[in-house]
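# Structural features, examined
Single-letter residue listing:
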Amino acid sequence: HLASSILLLLIMNILLHWWYRMKKINFEYIIIVGCSRFGTNIATELSLSGRDVVIIDINENSFRKLSANYSGFKVVGDATDIDTLMEVDIYKATMLIAATNDDDVNIMISLIAKNILNIDTVITRLYDNEKEVVYEGLDIKIIRPTTLTINEFDKLLEINKAVNKKSLIRRVGA
């Protein structure tokens, strides 16, 4: 029963996805999972740029973090549950962004979106770089906050080294 339901959902998703693509060439419908700081900022930016956005979070209190400028929809629910995904018309989505604070949830949602529901663009946030192996060979884009932070820190160290070197050169008079 479960296998036939998943197969029916997959077929329905493919047909509806194709139909929406044919109907609206420049249509962008973006689902963001996780009303984290990252999720809320991305949701606000995308909605301000004119895209249709819906943000899903399991905790209704998380929506208080959304900017007053956010013009999209909010849905309380578990995005790992097919019923929640159907409620937000997942078959219309052109992009899904997994932005929860839990790597395992982001992995599960990303895999469902890409492999079962065939969402064109899937972006996920990943804190633990060791879990990146799960995404190998998949067309899922990864944002790595830890790596980005370390890279920025390294840049700051290089800037400080250059400033200190110039300061030393001025003091020595070279």
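The notes below deal with the structure included here.

This part is about the overall build of the chain. When you go through the chain residue by residue, the secondary structure sums to five helices and six strands. Overall, the chain shows an N-to-C arrangement of helices and strands of α-β-α-β-β-α-β-α-β-β-α. The burial tally for the chain puts 37% of its 174 residues in the buried class. The contacts in the chain between residues at least 6 apart in sequence include a share of 52% that link residues at least 24 apart. Of the roughly 10700 Å² of accessible surface on the chain, 58% is carried by carbon and sulfur atoms.

Before going further, it helps to spend a moment on the pattern of salt bridges. Taken as a whole and assessed by the stated rule, the structure comprises seven salt bridges. With its nearest N and O atoms 3.1 Å apart, the salt bridge here joins glutamate 28 to arginine 51. In this pair, glutamate 28 is assigned in the loop between α1 (2–23) and β1 (29–33) and arginine 51 in the loop between α2 (37–48) and β2 (52–57), connecting sequence segments 23 residues apart. By relative accessible area, glutamate 28 is classed as partly exposed at 32%. The exposure class of arginine 51 is partly exposed, given its relative accessible area of 29%.

Evaluation of the coordinates by the stated rule reveals zero aromatic pairs. Over the ring of tyrosine 29 we find lysine 92; its NZ or CZ atom is 5.1 Å from the centre of that ring.

One finds Ile31, Ile90, Leu96 and Ile119 to be the most contacted residues of the largest nonpolar core, which totals 26 residues. Put simply, the parts of the chain that give this core at least two residues each are β1, β2, β4 (95–98), α4 (103–116) and β6 (140–143). It is α4 that provides the largest number of residues to this core, a total of four residues. Grouped together as the second largest cluster of nonpolar side chains are 15 residues, Ile32, Cys35, Ile55 and Ile123 included.

The backbone phi angle of aspartate 89 is positive, close to 55°, even though this residue is not glycine. Mapped onto the elements, aspartate 89 comes out in the loop between α3 (82–87) and β4. Given the relative accessible area of 23%, aspartate 89 is considered partly exposed. Positioned with a positive phi, asparagine 118 is a non-glycine residue whose angle comes to about 55°. Looking at where asparagine 118 falls in the secondary structure, it is placed in the loop between α4 and β5 (121–125).

Rules of the game
- Residues numbered from 1 in each chain as written.
- Predicted model: local features only at pLDDT ≥ 70, side-chain atom pairs only at ≥ 80, totals over all residues.
- Heavy atoms only, no water.
- Helix = DSSP H or I, 4+ residues; strand = E, 2+ residues; numbered from the N terminus.
- Buried < 20%, exposed > 50% of the residue type's maximum accessible area, 1.4 Å probe, protein only.
- Contact = heavy atoms within 4.5 Å.
- Areas by Shrake-Rupley, 256 points an atom, 1.4 Å probe, with all protein chains shown as cover.
- Salt bridge = Lys/Arg side-chain N within 4 Å of Asp/Glu carboxyl O.
- Phe/Tyr/Trp six-rings, centres within 6.5 Å; stacked < 30°, edge-to-face > 60°.
- Lys NZ or Arg CZ within 6 Å of the ring centre and 35° of its normal.
- Core = buried A, V, L, I, M, F, W, Y, C linked by side-chain atoms within 4.5 Å.

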